[in-house]
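A closer look at the structure
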Amino acid sequence: MSESGVTPQGDWSRDHIVNADGQRLFCRYWVPEEPPRGLLFVAHGVGEHCGRYSSLAQSLSQRGLIVFAHDHVGHGRSEGERMMVRDFKVYIRDSLQHVDLMKEQYPGLPLFILGHSMGGAISILCACERPSDFTGVVLISPMVQLNPESASPFKVFMAKLLNHVLPSLSLGSIDSKWISRDQKEVESYDTDELNHHGGLSVAFAMQLVGAARLVERAIPTVTWPFLLLHGDADKLCNISGSHMMLEKAQSTDKQLKVYNGAYHVLHHELPETTECVLRDITDWVVTRIPDQAASGS
Ligand code: 9JX
């Protein structure tokens, strides 16, 4: 497989796409050696970048999927003000642009979308906009409900007021040691220069509040197959959001895997957890690839 974007198969892959606002978005592709059996788009979360999904993407491409991703506006190697977006819908629009490009290049291949945390919210909203496009949706500790304490109606009201006068005021950052139980993962996250370790601005927080609202409203309309993965000790996005989604979605093919004691970033958790998570995801995806698309392996 290739991680660089330059593949022996030709020049279909690119190192960036240009979004509808003219911003360059950095892209990555993980391509299987055998003929591809499916496509999977990865939506990363707040303050990180798609290179952090390399090992997950590699396990999927080893099972025959073309995994593709980009750094969202304001993240990683993409253009745009750091950790800022004028409208959350920009992330969805850009992701669907990338998905459409790949669908055109590989017509007929089953398509999956995977997202973590805020990327989970992006994935849900993408799949709700195109319900018949996706064979399956994988959600790693998705942001579906905001913590009622940190986003109480009063606080949200104050933030709305503040947004008019001090939109760039920082509401503080999160302590990475509460995000994964693995000290090595915490260190490598902290020292990765492509991550943005700054605080959450009021304006960006308002976009997240708006996104969580859209997601809560969209969930009862969900009919596509999905796999939820959540740690029961997640301190950033409470597991209750995933239980709510499992209960309220109309899908017949829906599943929640709970990881005991695990924190937020399940794909960068203690080795035994992460190993399980990668296996659960690849198994779930591969078993949902229709037979006729599984030729060549
Ligand atoms: C951001 C809000 C979601 C305050 C953050 C070890 C998110 C590791 C790691 C990458 C966590 C993934 C997720 C700033 C200030 C909603 C340690 C906020 C937020 C808040 C995502 C992705 C760190 C955090 N950490 N997050 N990551 N992020 O969407 O890989 S590994 Cl509340």
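Residues numbered from 1 in each chain as written. Predicted model: local features only at pLDDT ≥ 70, side-chain atom pairs only at ≥ 80, totals over all residues. Heavy atoms only, no water.

**So, the packing of aromatic side chains**
This structure, assessed with the given rule, holds four aromatic pairs. Ring geometry for Phe41 against Phe68: centres 5.3 Å apart, planes inclined by 55°, an arrangement best described as tilted. Of this pair, Phe41 sits in strand E3 (residues 38-43) while Phe68 sits in strand E4 (residues 65-70), and the two are 27 residues apart along the sequence. Residue Phe41 is classed as buried on the basis of its relative accessible area of 0%. Residue Phe68 is classed as buried on the basis of its relative accessible area, which comes to 0%. Centroid distance Trp224 to Phe226: 6.0 Å. Interplanar angle 75°. Geometry classified as edge-to-face. Of the residues examined, Trp224 reaches a relative accessible area of 3% and is grouped as buried. You can call Phe226 buried: its relative accessible area is 0%. (Phe/Tyr/Trp six-rings, centres within 6.5 Å; stacked < 30°, edge-to-face > 60°. Helix = DSSP H or I, 4+ residues; strand = E, 2+ residues; numbered from the N terminus. Buried < 20%, exposed > 50% of the residue type's maximum accessible area, 1.4 Å probe, protein only.)

**Concerning the site of the ligand**
In the region of the ligand, 22 residues are neighbours, and Val46, Arg52, Ser117, Met118 and Tyr189 sit closest. At a separation of 3.0 Å, an oxygen atom of the ligand approaches a polar backbone atom of Met118. In isolation the ligand offers 680 Å² of accessible surface; the protein chains occlude 92% of this area. A per-element tally of the shell around the ligand places helix H5 (residues 183-191) first, with three residues. (Near = heavy atom within 4 Å. Polar contact = N/O pair within 3.5 Å; in protein donor to acceptor, adjacent residues only side chain to side chain. Areas by Shrake-Rupley, 256 points an atom, 1.4 Å probe, with all protein chains shown as cover.)

**Digging into the pairing of strand E6 (residues 136-140)**
Along any regular strand the residues' side chains alternate between the sheet's two faces. The buried count for E6 comes to five of five residues, which makes it a mostly enclosed element. The side-chain alternation of E6 yields two buried faces, one formed by Gly136, Val138 and Ile140 and the other by Val137 and Leu139. Of the strand pairs in this sheet, strand E5 (residues 111-116) and E6 are connected by five bridges, and their pairing is parallel. Bridging from a neighbouring strand, Gly115 pairs with Leu139 of E6. Since E5 and E6 lie parallel, the crossover through helix H3 (residues 118-129) that links them has a hand, and here it is right-handed. Note that E6 and strand E7 (residues 226-231) share four bridges and pair parallel. Note that in E7 the partner of Ile140 across the bridge is Leu229. (Pairing = 2+ DSSP bridges. Right-handed = clockwise from strand over helix to strand, strands pointing away.)

**As for the sheet that holds E3**
What the eight strands build is an open sheet, ordered E1-E2-E4-E3-E5-E6-E7-E8; its pairing is mixed. Two strands close off the open sheet at either side, each with one partner strand: strand E1 (16-18) and strand E8 (254-259). Ignoring which end each strand starts from, the neighbouring axes of this sheet average 20° apart. The strands that helix H8 (residues 271-286) touches are E3, E4, E5, E6, E7 and E8; relative to E7, the one it contacts most, it runs at about 170°. (Axes fitted to C-alpha atoms, helices over the stretch in contact; angles between N-to-C directions. Contact = heavy atoms within 4.5 Å.)

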